[in-house]
Every structure is written in C-alpha cells, then in structure tokens.
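Letter by letter, the chains look like this.
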Amino acid sequence: MNKYDLLFEQPIARWDEALPLGNGLTGCLLWGNGAPLRFSLDRGDLWDLRLAPEVHEAGFTYAEMIDCVKRGDQEGLLNRFDRIYEKYPYPTKLPAGRLELNFRQPADQIKSNLALQEACANIEMTFGDRTVTVSSYLHAVNGLGYIRIVGDPEAAGRLDIVPPDYVGAQQDDNANLVFHSSLTRLGYPAASQHAEGHMRWFHQQTAHELEYAIVVAEGHSAAGERIAVYTVATNNDGVDWLEIAKRKTASALETGYDAAFVEHVEWWARYWAQSSIALPDVEAERMWVLNNYLFGSCSRKGAPPMPLQGVWTADEGKLPPWKGDYHHDLNTQLSYWHYLKANHLEEGESFIDFLWNLRPEARSFAERFYDAPGINLPSVMTLTGGAMGGWPMYSLSITNQIWLCQAFDHYWLSTGNQEFLRDKAYVYFRETAECVQRWLVPGEDGKLRLPLSSSPEFHDNRLEAWLDPVSNYDLSLLIYLFRRLRDMAGQLDYDDDAEKWADVLVNLPELAVNKDGVLMINPKESLTESHRHFSHMMSIFPLKLLNRNASTRDRDIIDKTISHLEVLGKGQWVGYSFAWAAAMYAWQGNGEAALYHLQQMWRYTCSPNGFHLNGDYKHAGVCMFHYRPFTLEGNFAAVSALQDMLLQVDEGTIRVFPAIPAAWADRSAGFRDFRGEMGVLLSARLSGGKLDYIKLRAERGGSFRVQNDFGCEGLLIIIGDRSNEINCTAGEAFRVDLQAGDECRITGIGSLIPVR
C-alpha cells in the first residue's frame, strides 16, 4: 500500500465520498456496505442535448438583452434568458446507471482502498467468518471496466445492472431545480433489460436521438475467480454500437483481468513519470498526488474535457447539480489551470481540442446571438456548445470567451510551440476579438466601452448586476485580449496587426482603483462585503496584468486589494474561493497565507475522497455555505496554487520556491520536471533551508532567465560535460543559453544563506 492511497475502514455511505475510477471518458464510483456495493457509472458524452425552444426564437439576442437592461425590464430578462435554465430539465448531463453487487446483508466489517499509482480499487468485506475481496479498475487504454471477486463463493453476491429511474417518483413542487431536479422531468421511458448467455445489459431509449446501454459480461478465471467486464455504450459509437459493445466485453472477459491490468498499469506509470514533488508537508504532498490522480482519471486527449463533475455525475436519482454543464465564468478555466506545470500536456489537450473543434458552433453563435463576426461560446453550455440560459449577465457574457482564450495562451507559453502560436493561439484570439470589437464603441470620455457590463457573480441576477461604466472584470479581460494579441503579433512578425491591436489597447480605460488603492468592482462601486467570486481581481490573478515585481504602483494595488479581502472576511466564500485566494497569495510571495487557505479548503470543503464539495459541509465555521454540491474546479485551482508556491515564471524569469512557508524552507522540499515557459522542464531541491540545485531540460533551444535565489555571488552551471562559473548578485537574474535536448544543472558556489 502506498502512503498516498485512499483508505477507509468504514462503509462509504455516499456517492460523493466514493472511491473514484476513471479513464477520461468513463467514470465509476465505488461505495456502499455490501447490501449492495455500488458501482455508479458515468460517461463524458452522455448528454440530453435538446435546447429550450426560446433559444431558437428571434428575441434571443444580445441586442434584445441590451434593450431589456436599458428599459429596466427585469421580467423580460428573466423570461427570455434566465428561467429557461430551470423551466426545462434539458439540456443536461445524464447519469449512466449502476452496477450493484448485492450480498443480501451489510458486511460486518469493510475496508476500502484506492491504490492511486495503479488506479485500482480494492474492497475487503467480512460477513461473519467469510471474507470477500472485490477489486476493480477502469482500463486506461481500452476503456472497459473490470471487476474481480475473490473469496467464499457462498458469500459472493449477485451482480445487478440498475438503470437510472426515469419513471419513478415525480418532482416535488418545492424542490430546488438547480440541485434537486427529478429525472422523471426528462420524459424517458423505462430501460429494457436483456440477457444472452453470460452477457447482460439494459437498453435506454431517450426522448431525443440518444440511446445508451450498460453491458456486462461475467464469468470465471482459470483460478476460479469471478470476473466481470463492463462498458457504457451509446449510439454515438457507430451503427452497430450495441453489438460492438457486447463483442468487446466478451473478448475482454476471455483475455482476463490480470492480462489487461498490465497495460492499464503501464499507462499510469507513464503518467506518474511526468512529474513529482517531495514536501515536508504530508497533507500538501498527498493532495497534489490525489488531485493529479483525479485529473488523469477525468481528462484525456480524445475524450470530452471535464464539465462540472468530470466523469462522476451525481448518483442521487436526480439531475446533477447545475445539470453537470460547462460553465465558462470560472469552472472550466480553473479546472485546467494546473496541468501544464504538472507536465500532463496530452491529458490537458482535451480542453484545447474541445474549444478548437467547437469553433464552427462558436462562429454560428457569434452570428446568431451577437450579430457579429468571429467566435463566441455561450458561458453556460452543452457538450456541443448549445446555449443553456441562466443568469444572463454571466451565462451570456461576451467577455467570458476571452477567459477561454487564456487556455491557448498558457499552452503556447508553456510549450514554446511556434506552430501552435501561429495556427491556433493567435487565430483563436483574433477571432474572439472580431466578435468583441463589434460591440466596442467610444463612450463620452472617448474610451472604448461595451454596451453591457457585469462582474461574476456580484448582485446575482438582479438588475443591479448590470454595471455602468465597465466592470474591472470585463476591462481586465479586454486589456488582456488586446495586449496578448499585440504581443503575439509581434512574436509572429505581423507588424500591421501588432499596431492595430496596440491602437485598441491604448483606447481602453484604466482599471478602477478606489481612494484606498483597492481594485473596485467598477468605477462606481467597491466591494463592501465578502463574496465568493474574485472577478474584480482578475488583473492580479489569473491574468497577471499587474506585476508586483516590476512596478511599485502595481505592488501597492495588489497588496492593498488582497488585504481588503481579509478585512471583508470569508463568510460568503465557497471552496474554490479558498483555492483562488491561495493562488493570489502565492503570486504575492506569501507562502504562509497560501498554505493556510489551501488547508482550509482541503480540510473543510473537500470530501474524504478529495472531491471539492463547495460548501463548509462540516459546519466548521469557515464560511456560511453548508451545502455539498460536488464540482472539480476547486480541486485543480488548489493544486495550481500549490505548484505556484514551488515554481513561478514571471515575465520570463524563472523563480524556484518563491512562496513557501518557513516550515518548509527550514527542512527539505523539491519538485521534478515541472513545466516552465518556452519548452523548458525544471527540477529543484532545497534542504536544510538552503537551495541545493536547479535543473533545466530544454525541449526547444532558447535563452532562459533564472533568478539567483541561491543566496550567493558565485554559480556553477553544468551543461552536459561543460561547466562554467559565473558571478551573479544574489537576488538578480542570469541567463542560460540551451540547445534543444540540453540538460543543465545550476548550483551555488561558496556560502549559501537560507531560502526565505
């Protein structure tokens, strides 16, 4: 057993505390007491894609939204753009169903273990003097699920296939439709059950084009062990989708559990080899490993990127919270913050590929809704980019598309891939700008402005949420868009384009800062109470428009704005707020505060299995929200903040251990193969409070600037069999020139001072 593994010695009573398995497309949650032991299944592309009829009506446009706001027509806004989210149960992510291993009675004793390195669950159940062990994994390559049951055959239970209950209890009229909407509202018929030899399945028709099934083949190994292989199949898989699923499971059953396990473990070994950390803080190190496991389980190239719950749609007999959709005013972006530095490129490319492939739909939506060229996606949307409605200032924000652009920017900066910059990143930014520019017009002060502005999620969906003049949220994104376009055009030698984008940039207003030097919501309103979404602080993080290392004024604004959060308190925060705050503290260089906020999130808003549950469900008093809707963005935002404590690249300068707490600095810490910028992988270690070394491995040739945090004037730089001693003032930066494939080790010469 590995020290990182999940271990429970009591029955797991809830799906959101279950042992999670996943292979990017299919997910499984193991939980229960033996009567039954449940395998709650999910598949990433299992969606009811029907759109509300109002989305197709002539009045569903940005122009109409503008007119409603100008008229103060709140009812018109709600009826046309907002209420459709709750009025119709669709579109929505769908649960797949369950397998249930029923032992007819609860186990007297049960131990559950999830081996993270092997991505395999093991559950040992004792019934009197009889013992049964159930092991299961979701194959990392072939996509199938495997179950092995070993032990007393008299105690071994019956394996049932349980479809979602689409025809059961009717909707409670008083139920919250965001969190407790009944599956019966979808209007689906009951699934049909089938059996054929050692094969069983259910077939679920829906009220639209989708059909799906859970198929299980069951038999025994040569050693007499009971084996089951399952899959979640849909008619998206091809013409003979169900027959293909049956053949695949039958063939896999014949191959066996152990033979398939070899390839599965090899995939995970390659995944774990991409990077690692070693910290004196057991909790922080364990959460890094656990959350990288969750990421590898629910994001894979070739599969849809993770929506709110990834591949673990809620199993409560209802629609998932917020319909398990794609929210682009925070959730999808935070979910893909950490993967680049963790060096999991291929898994994270799921999100990049998804956005790129949706450009036709984004172009169509820009034309239909915004009456504009270019691209823009709805901020609350389906798997295929359909608008779902909701609070219109956020679900239909024109600037949230810019935040999606940052995924392309981050990828280009991390890899240094010029072809990606030219053919994808710049194109995606430029096409986004084409849509936004359609609505940018000069105001009375001559500065460019949007006809509508807001700041997620201030004032919720009330009329006060429409802000005039422009919010810092919208303005920060606009500055970021045109600044990056200017810089990218310069990188590509598109001189005319660079000049064009610079002209737009100079005509944008400045960020609103109040008399106390604190970032405002917009020029008319400062934040006066605790709030979950730090949208007014986008210029600090993640956009990093303000640079505390380059400008005294920027440093002052950053420090005062973060201090203002402390004055307001955390009453209305949710889990992801703690992770986002930790990220800002890390970029401020405050490792103590960064770690404290990560601890608050991990300890009080995360399930025992690591799932981010948004609220302080333990009633520990860290915030006022005590619900527990599971979403993943907080998980990966927290890991991103932790990584930023260990490594930052600021304006091209590499800084190792820039924001670690004193307790770490006094002991030992390290990381291996974190991704920096322009295609360089970095490793570093400190011990006894002193920096031992930095290693650089260049995927591409280039000149890399490194901060001298060794605390010494002399440095030894070793590249291959070449070594060079240089003088560099402590706290200053120096350059290392590397060719593609070069590996470089840097150590200090002479007396070193502690890293603090």
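Please read all numbers here as calculations on a predicted model, not as lab measurements. (Residues numbered from 1 in each chain as written. Predicted model: local features only at pLDDT ≥ 70, side-chain atom pairs only at ≥ 80, totals over all residues. Heavy atoms only, no water.)

Draft legend 1. Structural detail: the environment of proline 509. Here proline 509 shows up in the loop between α14 (495–506) and α15 (552–568). In this structure, the C-alpha to C-alpha distance between proline 509 and asparagine 472, residues 37 residues apart in sequence, is 9.9 Å. For proline 509, the residues in contact, after removing those within four places along its chain, are Lys447, Leu448, Val470, Leu475 and Ile479. (Helix = DSSP H or I, 4+ residues; strand = E, 2+ residues; numbered from the N terminus. Contact = heavy atoms within 4.5 Å.)

Draft legend 2. Spotlight on the nonpolar core. Phe482 and Leu696 are the most contacted members of the largest nonpolar core, which totals 248 residues. Among all residues touching phenylalanine 482, those that are not within four sequence positions of it are Ala433, Gln437, Leu440, Trp501, Val504, Leu505 and Leu508. Counting 20 residues, the second largest nonpolar core, distinct from the first, contains Cys120, Trp201, Val229 and Leu242. (Core = buried A, V, L, I, M, F, W, Y, C linked by side-chain atoms within 4.5 Å. Buried < 20%, exposed > 50% of the residue type's maximum accessible area, 1.4 Å probe, protein only.)

Draft legend 3. Looking closely at the layout of surface pockets. What the second largest pocket holds in volume is close to 920 Å³. Within the residue set of the lining of the second largest pocket, elements represented by two or more residues are α3 (84–87) and α10 (392–395). The element best represented in the lining of the second largest pocket is α3, accounting for three residues. Of the residues belonging to the lining of the second largest pocket, the class tally is 16 nonpolar, 14 polar and 11 charged. (1 Å grid on protein atoms, 1.4 Å probe; cavity = no way out; pocket = protein on both sides within 12 Å on 5 of 7 lines; lining within 4 Å. Points joined across faces, edges and corners; volume = space filled by probe spheres on them. Nonpolar A, V, L, I, M, F, W, Y, C, P; charged D, E, K, R; others polar.)

Draft legend 4. Structural detail: helix α8 (residues 345–357). Between its first and last C-alpha atoms α8 spans 18 Å; for 13 residues at 1.5 Å apiece the expected length is 18 Å, and the two agree. Phenylalanine 351 marks the point of greatest bend in α8, at about 30 degrees. The buried count for α8 comes to 11 of 13 residues, which makes it a mostly enclosed element. Turning to α8, its buried residues number three or more, namely Leu345, Glu347, Gly348, Glu349, Ser350, Phe351, Ile352, Asp353, Phe354, Leu355 and Trp356. (Expected span 1.5 Å × (residues − 1). Bend = angle between axes of the 7 residues up to and from the residue.)

Draft legend 5. Structural context of the pattern of salt bridges. If you walk through the whole model with that rule in mind, you get 49 salt bridges. For the salt bridge of arginine 158 with aspartate 160, the shortest nitrogen-to-oxygen distance reads 2.8 Å. With a relative accessible area of 47%, arginine 158 lands in the partly exposed category. The residue arginine 532 makes a salt bridge to aspartate 460 at a minimum N-O spacing of 3.3 Å. Residue arginine 532 is found in the loop between α14 and α15, and its partner aspartate 460 is found in the loop between β21 (448–449) and α13 (472–491); the two are separated by 72 residues along the sequence. Overall, arginine 532 belongs to the buried group, its relative accessible area being 14%. Judged by its relative accessible area of 25%, aspartate 460 falls in the partly exposed class. Sharing partners across several salt bridges, the network here consists of Arg14, Asp16, Glu17, Glu316 and Arg628. (Salt bridge = Lys/Arg side-chain N within 4 Å of Asp/Glu carboxyl O.)

Draft legend 6. The arrangement of α13 in detail. Taking 1.5 Å as the rise per residue, α13 with 20 residues should run 28 Å; its terminal C-alpha atoms sit 28 Å apart, in good agreement. Counting buried positions over the 20 residues of α13 gives 15, a clear majority of the element. Count one or two residues on from α13 and you reach aspartate 493, which has phi positive near 60 degrees.

Draft legend 7. Representation of the sheet that holds strand β3 (residues 26–32) within the structure. Strand order in the open sheet formed by five strands is β2-β3-β4-β7-β12, and the pairing between neighbours is antiparallel. In this open sheet, the two edge strands, each paired with only one partner strand, are β2 (19–22) and β12 (158–162). Neighbour-to-neighbour, the strand axes of the sheet open up by a mean angle of 20 degrees, direction not taken into account. Relative to β3, β2 runs antiparallel, the two being bridged by four bridges. The partner of leucine 19 across the bridge, within β3, is leucine 30. (Pairing = 2+ DSSP bridges. Axes fitted to C-alpha atoms, helices over the stretch in contact; angles between N-to-C directions.)

Draft legend 8. Just the side chain of aspartate 160, in detail. For aspartate 160, the location among the structural elements is in strand β12. Look at aspartate 160 and you get buried, because its relative accessible area is 18%. Within the structure, aspartate 160 has its side chain in polar contact with the side chain of arginine 158 (distance 2.8 Å). The contact partners of aspartate 160, leaving out residues within four places of it in the chain, are Arg98, Leu99, Glu100, Asn102 and Arg200. (Polar contact = N/O pair within 3.5 Å; in protein donor to acceptor, adjacent residues only side chain to side chain.)

Draft legend 9. Main features of the sheet that holds strand β22 (residues 647–650). Ordered by their spatial adjacency, four strands build an open sheet running β22-β23-β27-β30, and the pairing between neighbours is mixed. Strand pairing shows two members of the sheet lacking a second neighbour, β22 and β30 (733–738), which therefore form its edges. Mean inter-strand twist for the sheet, computed between neighbouring axes without regard to direction, equals 30 degrees. Note: β22 against strand β23 (residues 653–656), four bridges, orientation antiparallel. In the sheet register, leucine 647 faces β23, and the bridge partner there is valine 656. Sheet contacts for helix α18 (residues 633–646): β22 and β23; angle to β22, the most-contacted strand, approximately 80 degrees.

Draft legend 10. Region of interest: the packing of helix α6 (residues 282–298) against helix α17 (residues 591–604). Where α6 meets α17, the closest approach of the two axes is 11 Å, and the angle between their N-to-C directions is 65 degrees. Classified by the angle their axes make, α6 and α17 are roughly perpendicular. Between α6 and α17 lies a crossing whose hand is left-handed. Between α6 and α17, the contacting residues are Glu283, Ala284 and Met287 on the first element and Gln599, Trp602 and Arg603 on the second. Here the contact of α6 with α17 is composed, by residue class, of three nonpolar, one polar and two charged. (Parallel < 35°, antiparallel > 145°, perpendicular 65-115°, else oblique. Left-handed = near helix turned anticlockwise from the far one by under 90°.)

Draft legend 11. A look at the environment of leucine 519. Position of leucine 519 among the secondary structure elements: in the loop between α14 and α15. Ignoring any residue separated from it by four or fewer positions in sequence, one finds leucine 519 in contact with Asn472, Leu511, Ala512, Val513, His536, Met537, Ser539, Ile540, Leu546, Ile557 and Thr561.

Draft legend 12. Representation of the packing of aromatic side chains within the structure. The tally for this structure, following the rule as stated, stands at 54 aromatic pairs. For the ring pair tryptophan 403 and tryptophan 580, a centre distance of 6.2 Å and an interplane angle of 45 degrees mean the geometry is tilted. Taken as a pair, tryptophan 403 in helix α11 (residues 400–415) and tryptophan 580 in helix α16 (residues 575–588) lie far apart in primary sequence, 177 residues in all. On the basis of relative accessible area, tryptophan 403 is assigned to the buried category, the value being 1%. For lysine 323, the ring lying beneath its charged end belongs to tyrosine 85, and the centroid distance is 4.6 Å. Over the ring of tryptophan 356 we find arginine 359; its NZ or CZ atom is 4.0 Å from the centre of that ring. (Phe/Tyr/Trp six-rings, centres within 6.5 Å; stacked < 30°, edge-to-face > 60°. Lys NZ or Arg CZ within 6 Å of the ring centre and 35° of its normal.)

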